[in-house]
Amino acid sequence: MNESIPEPVGLPLLGNALSIGRDPFGFVEDAVADHGPVFRVSVPGLSFVCYAEPSLVERVLVTERDRYEKDPRERNLLGPLLGAGLLTARGETWERGRKQVQPAFYPGRLRAYGEVMLERTDGFVQRWSDGQRVDAYEWARGLTLSIVGSVVFGVDGVEEMRTISRAADAITGRFEPLSVTLEVPLWVPTPANRRYRRAVDDLDGVIADLLDRRRASPGSGDDLCATLLAAADDGAMSDEQVRDHLLTMLLAGHETTAIALTCAMALLATHPDEQARVLEEVREPETVDAGTALPRTDRVIRETLRLYPPTYLLFRQAIADDEVAGYEIPAGTRICLPQWGIHRDERLFDAPRSFRPDRWLDPDAYPDFAYFPFGGGPRACIGRRFALLELRLALATILRTVSLEATPETEWSPTPALTSRPDGPVWVRVRS
Ligand code: HEM
């Protein structure tokens, strides 16, 4: 324990728990502004050191990454569910898995996924009528789940999609709020645990059927499932590992992207001037596909992910002693990289709470790792390009068909769960 690391004022025993409980995101912003580059945060049972400076983020994720590993809490939490999937795997299992999964994200494949993204978004947009009030969050979750379900699993059937959707909800529900339910072991038959168990069983059933079907008609698709099945049939992967990868992609791929899409829709609805410029850009070309350059739309997405990073805090644990900013960090220290606070640090970004897509006209104006919504280094998000393409094509398809208006309820607060999902519906009105 290094007592000289500054710590936001807290209470005996409770540490910073009360301030975090009251306004977790505001707490992170204030702590980064007042105490950076290194400070300690304590809550009952847990103390961690935040590295709130771009060069220190780079140190952990890239230059000195051998001194840090992913936080074991994440594996304890998600490992029983996701096993050998990339989020929770370590060491050689992770390295092999990442190489096996990577081809599914090559640029050539992304073009084909782009077709699915366009077609799905179009179908979802067609459900709207002029003047309708839409919960952007619910809509975006349905859309991203449908896209990831199709691209990752090759699933189109309504019933299967429903099972996947119900299961994804029950699984995410078990991890929110982060504190209480996790203390109850899975074998205790609480309603949430029963729902979760049933959801995992249902999902395993869908995946087993899917693998049988795909094996029965080889060559039926060029998606992640096909990539993994080829590895399994070569003996390079077990069926259980295939299942772990599929489930990981489903869970890592839909909620994060849905949050970003929701926030982008709400930000455009509340910033009509910005929206007008994007609208002009996306309506100009006769058609839009994965190859269409839409720089203004891309800047909106970039700025959305700065203001509302869906993963908001990244956690690691030091596995070797380190020294940062003059402080000794002993092995075993839990480390937090506060994306949310760094992205809103006024030493790095002018008017950091303002939505200003044009600040990205020159992305090189900012130091490396002042902005890292997808993490960095070897464990960076494997779905980064996929997500950015999906967000671009979804926004373009939406704004080629309708414009978005704010309503008095177009307000939301992020929830401090596994992701910073909105705390309720995010209402926008659509106008055709
Ligand atoms: C806007 C959307 C997304 C955001 C903000 C996001 C963010 C992240 C971040 C920050 C990490 C690294 C976590 C860490 O270092 O502790 C990560 C990892 C990962 N993401 Fe994403 N992600 C997004 C979309 C996706 C999509 C669409 C997929 C898959 C289709 C995906 C799959 C994964 C996987 C498998 C990992 C683990 C990679 C590894 O450890 O090798 N993500 N994501």
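Residues numbered from 1 in each chain as written. Predicted model: local features only at pLDDT ≥ 70, side-chain atom pairs only at ≥ 80, totals over all residues. Heavy atoms only, no water.

**Q** Provide a residue-level description of the site of the ligand, including the pertinent values.
**A** In the region of the ligand, 25 residues are neighbours, and Trp-94, Arg-98, Arg-316, Arg-379 and Cys-381 sit closest. Between Trp-94 and the ligand, the recorded distance is 2.7 Å, taken from a side-chain N or O atom to an oxygen atom. A distance of 2.9 Å separates an oxygen atom of the ligand from a polar side-chain atom of Arg-379. Going through the elements one at a time, α5 (91-101), α11 (239-270), β5 (314-318) and α15 (384-401) are the ones with two or more residues in the shell around the ligand. A per-element tally of the shell around the ligand places α11 first, with five residues. (Near = heavy atom within 4 Å. Polar contact = N/O pair within 3.5 Å; in protein donor to acceptor, adjacent residues only side chain to side chain. Helix = DSSP H or I, 4+ residues; strand = E, 2+ residues; numbered from the N terminus.)

**Q** Lay out the sheet that holds strand β8 (residues 334-337) in plain terms, naming residues and giving numbers.
**A** Ordered in space as β1-β2-β8-β5-β3, the five strands form an open sheet in which the pairing is mixed. Here the strands that pair on one side only, and so sit at the sheet edges, are β1 (38-43) and β3 (68-70). For this sheet the average axis-to-axis angle between neighbouring strands, irrespective of direction, equals 35 degrees. Along the sheet, helix α4 (residues 72-82) contacts β2 (46-51), β3, β5 and β8; its crossing angle with β3, the most-contacted strand, is approximately 15 degrees. (Pairing = 2+ DSSP bridges. Axes fitted to C-alpha atoms, helices over the stretch in contact; angles between N-to-C directions. Contact = heavy atoms within 4.5 Å.)

**Q** Describe the environment of Trp-94, and please don't skip the residues or the numbers.
**A** By secondary structure assignment, the location of Trp-94 is in helix α5. Setting aside residues no more than four positions away along its own chain, Trp-94 makes contact with Leu-86, Ala-89, Pro-378 and Arg-379.

**Q** Residues and numbers for helix α6 (residues 107-125), please.
**A** The end-to-end C-alpha distance of α6, which contains 19 residues, comes to 26 Å, matching closely the 27 Å that a straight helix rising 1.5 Å per residue would cover. Residues of α6 that are buried: Arg-109, Leu-110, Tyr-113, Gly-114, Val-116, Met-117, Leu-118, Arg-120, Thr-121, Phe-124 and Val-125. On its buried face, α6 is in contact with α7 (136-153), α10 (224-233) and α15. (Expected span 1.5 Å × (residues − 1). Buried < 20%, exposed > 50% of the residue type's maximum accessible area, 1.4 Å probe, protein only.)

**Q** I'd love a proper account of the side chain of Gln-100, names of residues and values included.
**A** Checked against the element boundaries, Gln-100 lands in helix α5. Residue Gln-100 is classed as buried on the basis of its relative accessible area, which comes to 17%. Dropping the residues within four chain positions of it, Gln-100 is found in contact with Thr-227, Ala-231, Ala-236 and Met-237.

**Q** Before we move on, can you summarise the pattern of salt bridges with the specific residues and values?
**A** The full count for this structure, using the stated rule, is 21 salt bridges. The salt bridge partner of Glu-409 is Arg-133, with a shortest N-O separation of 2.8 Å. Of this pair, Glu-409 sits in the loop between β9 (403-406) and β10 (427-431) while Arg-133 sits in strand β4 (residues 133-135), placing them 276 residues apart in sequence. The class for Arg-133 is partly exposed, based on a relative accessible area of 34%. For Arg-296, the salt bridge goes to Asp-358, with nearest N and O atoms at 3.6 Å. Residue Arg-296 is found in helix α13 (residues 295-307), and its partner Asp-358 is found in the loop between α14 (339-343) and α15; the two are separated by 62 residues along the sequence. According to the relative accessible area criterion, Asp-358 is partly exposed, its value standing at 32%. When salt bridges with common partners are traced through the structure, they connect Arg-59, Glu-64, Arg-67 and Asp-322 into a single cluster. (Salt bridge = Lys/Arg side-chain N within 4 Å of Asp/Glu carboxyl O.)

**Q** How would you summarise α4 if you had to cite specific residues and measurements?
**A** Buried residues of α4: Pro-72, Leu-78, Gly-79, Leu-81 and Leu-82, and no others. Two residues or fewer after α4 comes Gly-83, characterised by a positive phi angle close to 45 degrees.

**Q** Give me the lowdown on the domain arrangement of the protein, citing residues and values where you can.
**A** When the domains of the protein are assigned, the result is domain 1 (1-70 + 316-372) and domain 2 (83-311 + 375-431). Just the C-alpha atoms count here: the centres of domain 1 and domain 2 sit 27 Å apart. Between domain 1 and domain 2, the contact holds 26 residues from the first and 26 residues from the second. In this assembly, domain 1 packs against domain 2 so that about 2400 Å² is buried in total across both faces, 61% of it on carbon and sulfur atoms. The tally of links between domain 1 and domain 2 comes to three salt bridges. A salt bridge links Asp-358 to Arg-299; the shortest N-O distance between them is 3.3 Å. Looking at the side of domain 1 that touches domain 2, the element that brings in the most residues is α14, giving three residues. (Domains from an automatic or database assignment. Buried area = accessible area lost by both parts, 1.4 Å probe.)

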